[in-house]
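Architecture and fold: a report
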Amino acid sequence: MTQDLADPRSAFEELALPLFEPLYNYARWLTRDPIESEDLVQETYLKGLRGFGSFAPGTNFRAWMYRILRNTFLTSRSGLRAVPPVSIDEDPDHFEQISVTETPESLFLARADVEALGLAIESLPLPFREVLVLSDVENMSYREIAETLAIPIGTVTSRLIRARLKVRNTLRGQQ
Amino acid sequence: MMRDLTAEEIERYADGELDAGAVAEAEAHLSECARCATAVLSVMQMKRALRAMPRFAPPAALRARVLARPAQRPQATWWLAAAAVVAFVIAGGVFLRARDATAGQLVDLHTTILASANPVDVLSTDRHTVKPWFEGKLPFAVDVPDLPQPLHLIGGRVIYWRGQPGGYMLIGKGAHRISLFVFADDAVPRSIASRAGMTIVTWRSRGLAYVAVADVPAEDLQPLQRAFVRD
């Protein structure tokens, strides 16, 4: 009786609470605002708990929670503003033309300071910012990112390439 | 492999997303192509820099709010209490480790500065010299109050911790030396553990976080805290 009621709840918490800090960190990168991040995380946990019945055991719970957080953000006022009005993937072949033009001069990141790097990421349009944060800050695989963002893996790859290029260009422009 | 790697292959290689066969091919090429190797290195450097960036830490009150539940049927409460205890213990473990790492870094900083031949950049017992010295060097104003005896100001400098600039004041109490770090409020965790043989006292005032590190009992640091918090 009570067990039927309480079990999903404790099962949810056992899975969800270790994600508390990473989800907040991700929220900060999405919203760039501490107050909004708090609301977002709280709402994510509420929605997650409410929708836990629809979570398929054995699938990726982390991606599921991140997806809830992101969808909640996208439907918020600042989330709606953050989405670019036109598709940023309309030119899927574009990155193929990015030739390998790295020179030792481009090994600048060792000197770039943390603050400049943070600002460069913050200034990225949302679709680039989120793939970069999920990949390099949250250490997700391409497949997990694809699952979280509900986009094909090929799109993850191309956005990552362009995100890193943009960050590099921003930092380079500051030197 | 003779041809250069494509932009996609470079990303996938750096991200560990190529399959084993492709990795072997890529590595054969990377061993003889400086240009592609540089490109891979550059991606890896950025990855490393991002991973090393300070993470945003959720405020403790948020955890409490997330754990708080809407009103339940009374029967369910002991399950909730049990779940909350488990969550608290898990969270506490993570939290304590983070506190400990922070304490270790600050004690290291304190020790390093004291061991240095020039621990301070502005050497002055006069707060009216030290306070203006900080101006323009930090993104916030450092207040230097009159210190109560037997505490005495020795000097100050600018430091960096976790990529954040901070003010540093060296304060004497007899033969003891107290390090006082001043950071923007959000740069410092809410709570920092003490280390064996070292006292760490943290307080916040007017948007700034203060961390005092010294080998004196915590009571001896209270007058210092009062001097900085006082209006």
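This brings us to the overall build of chain B. Along chain B, the regular secondary structure elements total 7 helices and 6 strands. Walking chain B from its N terminus toward its C terminus, one meets helices and strands in the order α-α-α-α-α-β-α-β-β-β-β-β-α. Within chain B, contacts between residues at least 6 apart in sequence are counted, and of these 56% link residues at least 24 apart. Of the roughly 11,900 Å² that chain B leaves accessible, carbon and sulfur atoms contribute 58%.

Bringing the packing of aromatic side chains into the picture now. Scanning the entire structure with this criterion turns up 19 aromatic pairs over all chains. Look at A:Phe12 and A:Phe61: their rings are 6.1 Å apart centre to centre, the planes differ by 75°, and that puts the pair in the edge-to-face class. Residue A:Phe12 is located in helix α1 (residues 2-16), and its partner A:Phe61 is located in helix α4 (residues 61-74); the two are separated by 49 residues in the primary sequence. Taken as a pair, A:Phe12 and A:Phe61 share a single burial class, namely buried. Measuring from centroid to centroid gives 5.1 Å for A:Phe55 and A:Phe61, while their planes differ by 85°, and the two rings are edge-to-face. Like A:Phe55, the residue A:Phe61 is buried in the burial classification. Three or more aromatic residues joined by ring pairs make a cluster, and in this case those are A:Phe12, A:Phe20, A:Tyr45, A:Phe52, A:Phe55, A:Phe61 and A:Trp64. The lysine or arginine in question, B:Lys137, covers the ring of B:Trp133, its NZ or CZ lying 4.2 Å from the ring centre.

In this model, chain A carries an average pLDDT of 82, and 79% of its residues clear a pLDDT of 70 or more. Note that pLDDT drops below 50 for residues 1-5 of chain A; the model gives that stretch 5 contacts with residues more than four away or on any other chain.

Our focus in this paragraph is helix α1 (residues 7-14) of chain B. All names here are of chain B. Counted residue by residue, α1 has 6 buried out of 8 residues, so it is predominantly covered. Those residues of α1 that sit buried are Ala7, Ile10, Glu11, Arg12, Tyr13 and Ala14. Phi turns positive one or two residues past the end of α1, at Gly16, with a value near 70°.

Moving on: the confidence of the model for chain B. Residues and elements named next belong to chain B. Taken over all residues, the pLDDT of chain B has a mean of 82, while the share at 70 or more is 84%. Of all secondary-structure elements in chain B, the lowest mean pLDDT belongs to helix α5 (residues 77-115), at 71, while α1 reaches the highest, 93. Below a pLDDT of 50 lies the segment residues 71-75, which in the model reaches 3 contacts outside its immediate sequence neighbourhood of four places, other chains included. The complex prediction reports pTM at 0.56, with the ipTM value standing at 0.81.

Attention now goes to the sheet that holds strand β6 (residues 208-214) of chain B. Residues and elements named next belong to chain B. Strands sit in the order β1-β2-β3-β4-β6-β5 across an open sheet of 6 strands; the sheet is antiparallel. Two strands close off the open sheet at either side, each with one partner strand: β1 (122-123) and β5 (199-205). Against the sheet, helix α6 (residues 127-134) touches β1, β2 (151-161) and β3 (164-173), its axis set at about 10° to β2. Along the sheet, helix α7 (residues 218-229) contacts β2, β3, β4 (176-184), β5 and β6; its crossing angle with β5, the most-contacted strand, is approximately 20°.

This brings us to the packing of α4(A) against helix α8 (residues 142-149) of chain A. All names here are of chain A. The interhelical angle for the contact between α4 and α8, taken along N-to-C directions, is 40°, at an axis separation of 8 Å. It follows from the interaxial angle that α4 and α8 lie oblique. α8 is crossed by α4, and the crossing has right-handed handedness. Note on element contacts: α8 touches α4 through Glu144, Glu147, Thr148 and Leu149, opposite Arg62, Ala63, Tyr66, Arg67 and Arg70. Tallied by class, residues from the contact of α4 with α8 come to 3 nonpolar, 1 polar and 5 charged.

Residue and element names in this part refer to chain B. Inspection of the secondary structure assignment puts Gln105 in helix α5. Distance in space between the C-alpha atoms of Gln105 and Trp161 is 8.5 Å, their sequence separation being 56 residues. When near neighbours in sequence (up to four residues on either side) are disregarded, Gln105 contacts Trp161 and Arg162. Within the structure, the side chain of Gln105 is placed 3.0 Å from the side chain of Trp161, a separation counted as a polar contact.

Once that is clear, we can look at the pattern of salt bridges. Summed over all chains, the structure comprises 18 salt bridges over all chains. Of the charged contacts in the structure, one is a salt bridge between A:Glu43 and A:Lys47, with a shortest N-O distance of 3.6 Å. Highlighted residues: A:Glu43 and A:Lys47, both in helix α3 (residues 34-50), separated by 4 residues, approximately one helical turn. We note a salt bridge from B:Asp15 to B:Lys47, for which the minimum N-O separation is 2.6 Å.

Calculation notes
Residues numbered from 1 in each chain as written. Chains lettered and ligands numbered in written order. Predicted model: local features only at pLDDT ≥ 70, side-chain atom pairs only at ≥ 80, totals over all residues. Heavy atoms only, no water. Helix = DSSP H or I, 4+ residues; strand = E, 2+ residues; numbered from the N terminus. Contact = heavy atoms within 4.5 Å. Areas by Shrake-Rupley, 256 points an atom, 1.4 Å probe, with all protein chains shown as cover. Phe/Tyr/Trp six-rings, centres within 6.5 Å; stacked < 30°, edge-to-face > 60°. Buried < 20%, exposed > 50% of the residue type's maximum accessible area, 1.4 Å probe, protein only. Lys NZ or Arg CZ within 6 Å of the ring centre and 35° of its normal. pLDDT = per-residue confidence, 0-100. Pairing = 2+ DSSP bridges. Axes fitted to C-alpha atoms, helices over the stretch in contact; angles between N-to-C directions. Parallel < 35°, antiparallel > 145°, perpendicular 65-115°, else oblique. Left-handed = near helix turned anticlockwise from the far one by under 90°. Nonpolar A, V, L, I, M, F, W, Y, C, P; charged D, E, K, R; others polar. Polar contact = N/O pair within 3.5 Å; in protein donor to acceptor, adjacent residues only side chain to side chain. Salt bridge = Lys/Arg side-chain N within 4 Å of Asp/Glu carboxyl O.

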